[in-house]
Amino acid sequence: MSDKKSTAESLVASGDSRPEIKHLDDMDWEMNRFGLQCKFPFHPNPARPTEPNAGVIKFEPGSGFVLHRHDFAQVWYVIEGECRYGDDTLRAGSVVFHPDPHFEHELYTENGCSIVFLQYPGPTTGGKPLYDGRMNLEKAEKPEEFDLRV
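*Asks:* Explain the overall build of the chain here, please?
*Replies:* Looking only at helices and strands, one finds one helix and eleven strands in the chain. Going from the N terminus to the C terminus, the chain shows its helices and strands as α-β-β-β-β-β-β-β-β-β-β-β. Over its C-alpha atoms, taken along the principal directions, the chain stretches across nearly 60 × 30 × 30 Å. For the chain, long-range pairs separated by at least 24 residues make up 63% of all intrachain contacts whose partners lie at least 6 apart in sequence.

Structural data, given as structure tokens:
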């Protein structure tokens, strides 16, 4: 054990950050701009503006979102259920990469699904993921209020 500890200590630089662990069960559901339930334990904030958006969006049966675009990059992982995404069907185990800039097809689920979203600053555009005013709302935006360009 002491050999493993000394090896680990030799790999960690004095300024390295410790891993942060949060559990979704310790959080309340919030609402995003499309009226979907979400939990984003990690997200940009004034103290850490480059922190990624990382969390889960729960799509209830009959829900989804409209075609829109972003300047940031993101990866999705479908953890349960199934949905239509453009001409494709995503199901549990599907992984989707969206380079920056990108558009997102219309998404619709008949029976519900949950997707892990990992959104991060675009390496090409520098576009940052959005949390405030998008993922932590009291009520959903009306369709005429959607800014589908960001």
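So, next bit.
*Asks:* I'm lost on the environment of Asp87 in this one. Help?
*Replies:* One can find Asp87 in the loop between strand 6 (73-85) and strand 7 (88-91). For the pair formed by Asp87 and Glu20, sequence separation is 67 residues and the distance between their alpha carbons is 37 Å.

*Asks:* What am I meant to see in the packing of aromatic side chains here?
*Replies:* Each aromatic ring pair is summarised here by two numbers: the centre-to-centre distance and the angle between the ring planes. Considering all chains together, one arrives at five aromatic pairs under this definition. Within the aromatic cluster, the residues linked to one another by ring pairs are Phe34, Phe59, Phe65, Trp76, Tyr85 and Phe117. Here the basic side chain of Lys58 rests over the ring of Trp29, its NZ or CZ set 4.3 Å away from the ring centre.

*Asks:* How should unusual backbone geometry be read in this particular structure?
*Replies:* For residues besides glycine, phi is generally negative; the peptide bonds are generally trans as well. Here Asp100 and Pro101 are connected by a cis peptide whose omega angle stands at -20°. Looking at where Pro101 falls in the secondary structure, it is placed in the loop between strand 8 (95-98) and strand 9 (102-104).

*Asks:* Even after reading the chapter, I still don't get the pairing of strand 8, so can you show me in this structure?
*Replies:* For a regular strand, the rule is simple: side chains alternate between the two faces of the sheet. Covered by surrounding structure in strand 8 are Val96 and His98 only, the residues Val95 and Phe97 on the alternate face being uncovered. Examined bridge by bridge, strand 6 and strand 8 share four bridges and lie antiparallel to one another. Opposite Trp76, over in strand 8, you have Val96 as the bridge partner.

*Asks:* Honestly, the nonpolar core in this entry has me stumped. Any pointers?
*Replies:* Inside soluble globular proteins, nonpolar side chains tend to come together where they are buried. If you look at the biggest cluster of nonpolar residues, it comprises 19 residues, and the most contacted ones within it are Ile57, Phe59, Trp76, Leu107 and Ile115. If you tally residues by element for this core, the top one is strand 6, at four residues. Not counting chain neighbours up to four residues away, the residues in contact with Ile115 comprise Gly55, Val56, Ile57, Phe59, Trp76, Tyr77, Val78, Ile79, Cys83 and Leu107.

*Asks:* Sorry if this is basic, but what is going on with the pattern of salt bridges here?
*Replies:* The final tally for this structure, using the stated rule, is five salt bridges. Across the pair Arg48 and Glu20 runs a salt bridge whose closest N-O atoms are separated by 2.6 Å. In this pair, Arg48 is assigned in the loop between strand 2 (37-42) and strand 3 (53-59) and Glu20 in the loop between helix 1 (2-11) and strand 1 (30-31), connecting sequence segments 28 residues apart. A residue is classified by how much of its surface remains accessible, and Arg48, at 35% relative accessible area, is partly exposed.

*Asks:* Would you mind going over the state of the cysteines with me for this structure?
*Replies:* Cysteine pairs can be covalently joined through their sulfur atoms, and such a bond is termed a disulfide. Counted under the stated rule, the structure contains zero disulfides. Among the cysteines around Cys38, which has no disulfide bond, Cys113 carries the closest sulfur, lying 14 Å off. Residue Cys38 is classed as buried on the basis of its relative accessible area of 0%. Residue classification places Cys113 among the buried positions, given a relative accessible area of 3%.

Conventions used here
Per chain, residues are indexed from 1 in the order of the written sequence. Under the rules for a predicted model, residues below a pLDDT of 70 receive no local features and side-chain atom pairs below 80 are neither given nor counted, while totals for whole chains, interfaces and linings still include all residues. Heavy atoms throughout the structure, all of them, feed into the side-chain values; hydrogens and water do not. Under the DSSP-based scheme used, a helix requires at least four consecutive residues in state H or I and a strand at least two consecutive residues in state E, with every element numbered from the N terminus. Working rule for contacts: check all heavy atoms of both residues, and any pair within 4.5 Å makes them a contact. What counts as a ring pair is set by centres within 6.5 Å for rings of Phe, Tyr and Trp (its six-membered ring), and what kind of pair is set by the plane angle: stacked under 30 degrees, edge-to-face over 60, tilted for all other angles. Whether a charge sits over a ring depends on NZ of Lys or CZ of Arg being within 6 Å of the ring centre and within 35 degrees of the ring normal. Burial here depends on accessible area, computed with a 1.4 Å probe over protein chains only, as a share of the maximum for the residue type. Under 20% is buried, over 50% is exposed, and the range in between is partly exposed. Two strands pair if DSSP finds at least two bridges between them. Put simply, buried Ala, Val, Leu, Ile, Met, Phe, Trp, Tyr and Cys residues joined by side-chain atoms within 4.5 Å make one nonpolar core. A pair is scored as a salt bridge if a Lys or Arg side-chain nitrogen falls within 4 Å of a carboxyl oxygen belonging to Asp or Glu. Our working definition of a disulfide is a cysteine sulfur pair at a distance within 2.5 Å.

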